[in-house]
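This is what each chain is made of:
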Amino acid sequence: PPSHSTIRPGFPVPVNTNNPAVRKAARFGVYRYNNSSNDLFLFKESQINKAMVQVVRGLKYMLHVEIKRTVCEKRDHSSLDSCHFQRKKNLQRVLRCYFEVWITPWIHEVHILVAHCH
């Protein structure tokens with residue numbers, strides 16, 4: 001790549017948290033969390049605090065994301081876009097997550113390498 005390029009293979013670089021690809025990667029991490037948790041409600045990303053991207057046979061996103069419980073129950077299999085955050089005080093829950101999401105766009109593959117939430 002030209003010397004003025006900001007992304008070089010192997011080096012993680014900061015990327016804007018509002019970048020559509022970053023938001024999509026965060027959503028993949030949330031899907032993984034929802035599929036592995038035994039919470040009655042679905043969670044959805046509320047804020048992406050930090051995002052890095054690394055070029056490694058595709059794009060590996062390293063994301064620090066806050067997720068919140070929504071009003072949508074898992075058994076309804078709702079689209080997360082139409083799920084609003086929980087308003088009832090006793091049901092509200094916020095988790096801080098670290099996701100590593102590896103996307104290989106040309107073969108339409110997504111791997112969630114890390115999904116830690118607490």
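For the structure itself, look to the data block above.
Residues numbered from 1 in each chain as written. Predicted model: local features only at pLDDT ≥ 70, side-chain atom pairs only at ≥ 80, totals over all residues. Heavy atoms only, no water.

Another aspect to go through is the nonpolar core. In this structure, Y61, L63, V65, I67 and F99 are the most contacted members of the largest nonpolar core, which totals 24 residues. Looking at this core, the elements that each hand over two or more residues are α1 (20–36), β2 (41–55), β3 (59–73) and β4 (94–104). Not counting residues within four places of it along the chain, the set of residues in contact with V65 comprises A26, E45, Q47, I48, L95, R96, C97 and F99. (Core = buried A, V, L, I, M, F, W, Y, C linked by side-chain atoms within 4.5 Å. Buried < 20%, exposed > 50% of the residue type's maximum accessible area, 1.4 Å probe, protein only. Helix = DSSP H or I, 4+ residues; strand = E, 2+ residues; numbered from the N terminus. Contact = heavy atoms within 4.5 Å.)

The tally for this structure, following the rule as stated, stands at one aromatic pair. Between Y33 and F43, the aromatic rings sit 5.4 Å apart at their centres with planes inclined by 80 degrees, giving edge-to-face as the arrangement. Separated by 10 residues along the polypeptide, Y33 in helix α1 and F43 in strand β2 bring together distant segments of the chain. In this pair, the class of Y33 matches that of F43, namely buried. The cationic tip of K44 hangs over the ring face of F85; the distance from NZ or CZ to the ring centre is 5.3 Å. The ring of F85 carries K68 above its face, with NZ or CZ at 5.5 Å from the centroid. (Phe/Tyr/Trp six-rings, centres within 6.5 Å; stacked < 30°, edge-to-face > 60°. Lys NZ or Arg CZ within 6 Å of the ring centre and 35° of its normal.)

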